[in-house]
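Read off the chains here:
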Amino acid sequence: MILGIDTSLGTAVALADGDGVVFAEVSSADPLGHAEIIGTMLQDALAQAAHGPIGATAAAQPVAVTHVAAGMGPGPFTGLRVGIAAARAFALGRGIPVVPVVSHDAAALALSLADPFADLPRFAIVTDARRREVAYTVYDGIDADGLPIRVTGPALARRDEIDAVLAEADAVRRDVSGIPASMIALVAARAVAADRVEDLPEPLYLRAPDVSVPAGPKKVGT
C-alpha cells in the first residue's frame, strides 16, 4: 500500500494500493496550518485504512505501507516543505522509499479517470499561486503506463494572461482547488511499476521564499 501526502494547496493524506483502491483519504482545504494538522491526519488515515477499503467495516489489521508518495508541487515554499518533511520522516521511520510526484500530475490523472472512455482534448491543470498568478501544467492524455503525458510546465503565469497562454498552447483550462492524495499515491504506484520514478530532488516552489537567512555578524575591522 502507498501513503500519499500533498500540501501544495490544502493538506491531503491518503492510502491506496497499486490498483487504485482507496483505503483512506482525509483532507483540509485550508491553505495554511499544514504543520498543525498533518500529524493528526496521518493518524486518522492509518486508523481508517486498518479496516480495509473505504466503506469496509472489517476488524482492524496492521497497515503494510511499502512506499510514501510525496507531492512536490508546484506550491508555496512553506506548505510544500511541511508535506515533504512529513513524507520523508514517515518513510525514514518505516525504512521505505519516498516517491516524488508532480502534484499537477495527480490532478491530471483524476480528471482523466473521471471518464476513462472520454476523448479528452489537450488540457491544462491550473492552480492558484496567489499574488495574482496561477501555476499551470499542460497535458495531452495518458500514456501506455497509465501516467499523464506532461507537455509543458509546471510554470507560472499572471492571472490575467493565463487564458492567452493556454490558447497559444491549444489547451482547455481546468481549474483545480485541491490535489487528491489518493491520486498522488496512484501516480506513484504506476511510476514504480513502470520503473519510471522521476528524479525530483527539489520541490517545485512557485517562487523563492519571502524570507532569507540573515548574514552572520561582521568581523571586526571589515
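Going by the structure above, here's the rest.
Throughout what follows, the structure given in this document is the object of discussion.

What counts and how
- Residues numbered from 1 in each chain as written.
- Predicted model: local features only at pLDDT ≥ 70, side-chain atom pairs only at ≥ 80, totals over all residues.
- Heavy atoms only, no water.
- Phe/Tyr/Trp six-rings, centres within 6.5 Å; stacked < 30°, edge-to-face > 60°.
- Helix = DSSP H or I, 4+ residues; strand = E, 2+ residues; numbered from the N terminus.
- Buried < 20%, exposed > 50% of the residue type's maximum accessible area, 1.4 Å probe, protein only.
- Expected span 1.5 Å × (residues − 1).
- Contact = heavy atoms within 4.5 Å.
- Polar contact = N/O pair within 3.5 Å; in protein donor to acceptor, adjacent residues only side chain to side chain.
- Axes fitted to C-alpha atoms, helices over the stretch in contact; angles between N-to-C directions.
- Parallel < 35°, antiparallel > 145°, perpendicular 65-115°, else oblique.
- Left-handed = near helix turned anticlockwise from the far one by under 90°.
- Nonpolar A, V, L, I, M, F, W, Y, C, P; charged D, E, K, R; others polar.
- Pairing = 2+ DSSP bridges.

1. Notes on the packing of aromatic side chains
And step 1. Overall, the coordinates contain two aromatic pairs when judged by the stated rule.
And step 2. A ring pair is formed by F77 and Y205, whose centres lie 4.7 Å apart and whose planes are at 45 degrees; its orientation type is tilted. Taken together, the residues span a long stretch of sequence, with F77 in helix α2 (residues 77-94) and Y205 in the segment after α5 (181-193) at a distance of 128 residues.
And step 3. Centre to centre, the rings of F123 and Y139 are 5.8 Å apart; their planes meet at 25 degrees, and the pair counts as stacked. Taken as a pair, F123 in strand β6 (residues 123-130) and Y139 in strand β7 (residues 133-142) lie far apart in primary sequence, 16 residues in all. We note that F123, like Y139, is buried.

2. Overview of α5
And step 1. Taking 1.5 Å of rise per residue, 13 residues should cover 18 Å, and α5 covers 18 Å from first to last C-alpha, within 8% of that figure.
And step 2. Of all 13 residues in α5, 10 are buried; the element is thus mostly enclosed.
And step 3. Where α5 is buried, its residues meet β1 (2-6), β2 (11-16), β3 (22-28), β4 (67-71), β5 (98-101) and α3 (103-114).
And step 4. Note on α5: the residue one or two positions beyond its end, D195, has a positive phi of about 55 degrees.

3. Notes on the side chain of D105
And step 1. Relative to the assigned elements, D105 resides in helix α3.
And step 2. Within polar-contact distance, the side chain of D105 engages the side chain of R150 at 2.7 Å.
And step 3. Ignoring any residue separated from it by four or fewer positions in sequence, one finds D105 in contact with Y139, P148, R150, V187 and E198.

4. Structural notes on the packing of helix α1 (residues 34-49) against α2
And step 1. Contact geometry for α1 and α2: axes closest at 10 Å, N-to-C directions at 40 degrees. By the angle between their axes, α1 is oblique relative to α2. As for the relative orientation of α1 and α2, their crossing is right-handed in sense. For the pair α1 and α2, the contacting residues are H34, A35, I38 and L46 in the first and G79, V82, A86, F90 and R94 in the second.
And step 2. Across the contact of α1 with α2, the residue classes break down as six nonpolar, two polar and one charged.

5. So, the pairing of β6
And step 1. Within β6, six of the eight residues are buried, which leaves it mostly tucked inside the rest of the structure.
And step 2. Where β6 meets β7, seven bridges bridge the pair, whose relative direction is antiparallel. Residue pairing for β7: A124 is matched across the bridge by V138.
And step 3. Between β6 and the antiparallel strand that follows it, β7, lie two residues; R131 among them carries a positive phi value of about 50 degrees.

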